Structure formats: structure tokens, C-alpha cells
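The residues making up each chain are set out below.
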Amino acid sequence: MHWAYFVVIFVNTLFVLGMVFIERKKPSTVISWSIIMLLMPIIGLILYALIGGSLSFKTRRMLRRKAVRSKELKDLVNQQKAQIQSEEVSASGVEAKYKQLIMHNLNTCDSMLTHNNKLKFFTSGKDKVEALLKDIDCAKKSINICYYIFATDNIGMIVLKKLIEKANQGVEVNLLVDAVGSLRSDRREFEKLVHGGGRYAEFFPPLFGMRLFNIRINYRNHRKIVVIDNKIGYVGGINIRDDHMGSVKRLSPWTDLHLRVEGDSVIDLQKTFLKDWRFSYKKKDFDETYINRFFEKGKNEAGVAMQVVTSGPDDDGAQIEMNLINMITKAKKYILIQSPYFVPDESFMTALRIAINSGVKVRIMLSKTPDKKIVYYCSLSYLKDLVDYGAVVYMREGFIHSKVVNVDGEIASMGTCNTDVRSFSLNFEVNVMIYDKPTSMQLVDIFENDVLHSEVVGKAWFKNLSPFVKMSKSVCRLFSAIL
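Residues numbered from 1 in each chain as written. Predicted model: local features only at pLDDT ≥ 70, side-chain atom pairs only at ≥ 80, totals over all residues. Heavy atoms only, no water.

To continue, consider the overall build of the protein. Regarding its fold elements, the protein presents 19 helices and 19 strands. Here the C-alpha radius of gyration of the protein, 22 Å, is about what a compact globule of 483 residues would show, namely 23 Å. When each of the 483 residues of the protein is scored for burial, the buried share is 59%. Within the protein, counting contacts between residues at least 6 apart in sequence, those at least 24 apart form 80% of the total. A total accessible area of about 21,500 Å² is found for the protein, and carbon and sulfur atoms account for 58% of it. (Helix = DSSP H or I, 4+ residues; strand = E, 2+ residues; numbered from the N terminus. Rg over C-alpha atoms; globule rule 2.2 N^0.38 Å. Buried < 20%, exposed > 50% of the residue type's maximum accessible area, 1.4 Å probe, protein only. Contact = heavy atoms within 4.5 Å. Areas by Shrake-Rupley, 256 points an atom, 1.4 Å probe, with all protein chains shown as cover.)

Take the packing of helix H15 (residues 373-389) against helix H19 (residues 467-477) next. One can describe the packing of H15 onto H19 by two numbers: an axis separation of 8 Å at closest approach and a directional angle of 90 degrees. With respect to H19, the axis of H15 lies roughly perpendicular. Counting all contacts with H15, which are made through Ile374, Tyr377, Cys378, Leu380, Ser381, Tyr382, Lys384 and Asp385, the residues of H19 involved are Phe468, Val469, Ser472, Lys473, Cys476 and Arg477. Here the residues of the contact of H15 with H19 sort into eight nonpolar, two polar and four charged. (Axes fitted to C-alpha atoms, helices over the stretch in contact; angles between N-to-C directions. Parallel < 35°, antiparallel > 145°, perpendicular 65-115°, else oblique. Nonpolar A, V, L, I, M, F, W, Y, C, P; charged D, E, K, R; others polar.)

Along helix H10 (residues 187-195), the residues classified as buried are Arg187, Glu189, Phe190 and Leu193. Down the axis of H10, the smallest arc covering the buried residues is 160 degrees, so these residues share one side. Pointing more than 90 degrees away from the buried face of H10 are the exposed residues Arg188 and His195. For H10, the elements touching its buried residues are helix H9 (154-168), strand E3 (172-178) and strand E4 (199-203). (Arc of directions from axis to C-beta.)

Now for the side chain of Asp276. Here Asp276 shows up in helix H11 (residues 265-280). What makes Asp276 buried here is its relative accessible area of 0%.

With respect to the secondary-structure elements, Ala167 resides in helix H9. The class of Ala167 is buried, set by a relative accessible area of 8%. In this structure, the C-alpha to C-alpha distance between Ala167 and Val194, residues 27 residues apart in sequence, is 8.7 Å. In contact with Ala167, other than residues within four places in its own chain, are Val173, Leu193, Gly196, Gly197 and Gly198.

Once that is clear, we can look at the pairing of strand E18 (residues 429-435). Most of E18 is tucked away: seven of the seven residues are buried. By the bridge criterion, five bridges tie strand E16 (residues 411-415) to E18 in an arrangement that is antiparallel. In the strand pairing of E18, Met414 is matched with Val432. (Pairing = 2+ DSSP bridges.)

This part is about unusual backbone geometry. Residue Pro253 is reached from Ser252 by a cis peptide bond, and omega for that bond is 0 degrees. Summarising the element assignment, Pro253 is placed in the loop between strand E6 (232-236) and strand E7 (254-255). Phi is positive for Asp229, close to 55 degrees, though the residue is something other than glycine. According to the relative accessible area criterion, Asp229 is buried, its value standing at 12%. Even without being glycine, Asp408 reaches a positive phi, approximately 60 degrees. Here Asp408 lies in the loop between strand E15 (404-407) and E16.

This paragraph deals with a nonpolar patch on the surface. Residues Phe10, Leu14, Leu17, Val20, Phe21 and Ile22 make up a contiguous nonpolar surface patch of roughly 650 Å² in combined accessible area. Note that Phe21 resides in helix H1 (residues 2-21). Overall, the relative accessible area of 60% leaves Phe21 in the exposed class. (Patch = residues over 30% accessible without salt bridge, like charges linked within 9 Å, V, L, I, M, F, W, Y side chains within 5 Å. Salt bridge = Lys/Arg side-chain N within 4 Å of Asp/Glu carboxyl O.)

Counting buried positions over the five residues of strand E13 (residues 392-396) gives four, a clear majority of the element. Here five bridges tie strand E12 (residues 361-367) to E13, and the two strands are oriented parallel to one another. Bridge pairing in E13 links Ile364 to Val393. Considered for its hand, the β-α-β crossover made up of E12, H15 and E13 is right-handed. Both E13 and strand E19 (residues 454-457) contribute to a ladder of four bridges, which runs antiparallel. Note that in E19 the partner of Arg396 across the bridge is Ser454. (Right-handed = clockwise from strand over helix to strand, strands pointing away.)

Structure below.
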């Protein structure tokens, strides 16, 4: 028994050294895993084997190879970079003010700035699905749909039956779900879509079809993207599951945010979907002719200026987090943040502290009713630090699932990315950047409406927490880097 124990300690030591010298993980991540492996060597070894390792070089290379690399699209990106640098393009006040932010997104993830976008926000899952079903019903060519969670419950079956109906009509339907997020979904129901003429794939499926055995369980496709006929896009926080419709009493009222967009930013949503789809759907080799049919330029009409920003563990830049930090550093008046979880890394926390010390008002809103206690306790630890600095923190009644950062009511980022280390570093995410004051003010109004249903938690509130909660938030913070 003793020799087996020492073997485990030796293997754990090799893993830790690998994190430091080969994977070059953040010090906070290395420390978290080191504590677990020291206190619980065997359990720590098993956990690291399941969820601790980085994506393999082969997987990273394959993901990058499946990205859409149309020469025409690349030329457009390079052309826009040159125009912005040379100031050939006349920009509005908001775009001119945030030119460096626009350039940053172009350089990090080829995020095209488009101007002809028409947007509609949804704060209700039922309203979003109602609109989505209408758009699906009107589809003539193709429906590309990706969800982290696509349940085969009541609302899921309604959407799935509509997709099967459109596939039977000859519309190309491609459905991609995350294997972990949709773990409890009945795969036999998805196969009905295949029998009806559609296509279905899982992102990072489990080995040998064993649902509970997935060596890449730590890396989740958290994106929610729908692109219909290359012209209409959906992106945001609302999944296809009954609780996102507000039907689960414990988490009710459910507050969320989703976006419907028409315009050229749909092209970047399409690019993101096709990269994930081509990686996951192994049965067909997609040539350039096939891919190009998914891209159509819209009418050059005036509208909202936008960029689509993506990030994932296949890239090293944590683009969405860097975009958000860039936004925070440009704030002059206020920063509004809504997220179900608040477990940022030190870079994000430092940016917020600098903003507060510079006179910027920081207001953060989370859920009063947590769905994950460990993450909730960890969030409280970080929120207390910011309250001590001068931030205003709200706890919204029920569960808030919105993911949005708004700066000065001029620019906003919203989409699928939570304000936590998992979304920043481990998940595949997609956000949209909005450069338009009237539209950003719509999001301010949504925030202020949620304030009416929230409790302000200040220093006294944190001081009066029970000893158990105080201890829990301190302990959970030790493992924040791997939550």
C-alpha cells in the first residue's frame, strides 16, 4: 500500500511540473491543483486526469484547421485594418472614440466591424423561442444551430419537431450540441432529425458513446448560435431547456438576455458555427464551394455597428476577457456588469480596482438564488473585495443568467461569456461588441429595471454572513482557478 501511495505522489508531482514547464498554466491554477493533490492525492490524481489536462496539440491543430479561411473574408479583414490605421474610413463619435478597441478585436480574432445591423433584445426565454420558431418556420435554405444545452424536454421537443419539419421540406438543418451541456438529452430524439434529412453532431463527444466518460469534459462549447438563411442570427445566454423559460420554481424568476440580429455581423456568427460544426461533424468533407454558399452580404443600410468576438481553449489569447478588460480601462463614468457567476482572475480584478480608484462607478449584479453553491461562495469572496473598494453590488431576485458588460452607455459586450475563469479560459464562447449609444442605453434600461428587483449588498451585508458562509467563501476561493 505504501509503495502505491508513493507512486501516486510521484505521478502528481510530474503533473504539477508539467503544468509549470510544459502547459505553462497560470500560477493560481497550479496552486489550486497542488493543494488538491497534496491534501487528497488519489482523488486529486483522478480529478486531474478527468478535467485538469489541457487540450492536446492535435485537437488544437484540428480546431484551427477547421476554421473558415476564405481568401475573400481574409482580404476584407486586412482591408479594414489598413483603413482604420490610415483613418480612411469616416467613423461616428462612438467608433472614433473606441478605435483602438475595434482594432484589438480585428487583430486577435479577425472580428469584422459591420454597420448595417438591426438588433432586437430578449429578456424572456419564451419570447426568444417564440421569435426563433417563427424564423425557423420561414427558413428557405439553411438552419445552422448550436446550443450548449439542447434538452429533450417540453420546449426542446417543440423546437426539435420544427427542425425536423423543415428538414423534411428540404431545408438544410445542421444541429450541434455540447456533449456535456446536453448530457441528459435523449439522443434518440436527435436521431429523428437525421432520419428526417437533417444533420446532428456533438462537440467533444464521450469515448465509445459512454455518457459519463469524457476525457475532455472540462472543455465545453458554451456558445448559443443560430443562423437562418445566412441572414438572421441569434446569440446570447438562453439555452433550449424548460428552466430557461422560467418554468423551474426554485430558480424563478429567471432573468436572461439574448439577441436577434440581421446584418453583416451574421457572417461572423456563421464563421464561428462552421468552425465548430466542421470539427464535430466527421461524415463529410466540406469543400470551399460548400462553405461559400453560407455567406451572403446584406444590403448596405445604416444600422448598429458591431463586432463578433470569440474565444476558446484552442487559442492562447483569452480574447473575450482581453476585450472586456480593454473596455473597462476606457470607462469614464460607469461600468455595469451582469453575470450569473463572478469568479474573475487577477487581471480582471485589477482592471476593476483601477477603474474604481479612478472615479468610475462600478455596479455588479448577480443572482440572489444560486444554482451552484460552490461557485456562489467563491463569487461572494471576490464581490466583498470590490465592495470594500467602493463597488455597488446587487443580488437580483431569482436567478440571473444574463452576460453583459456596459461602459458609459456607449459600448456593450453581451453573449455567452460569464464573468468567470471557466468562460474566460476553458469554454468556447462568443460575444458581440456593440458600438452604438442608443442600443447600449437599451441595455442600461434593462439593468436599471433589474435593479428594481434587486437587493443592494454592502459591507454590513457581508459582515453579517454566517460563520459557515464566511469560511466557505474563503475555502472556495482557493480553488477558483479550476472551477
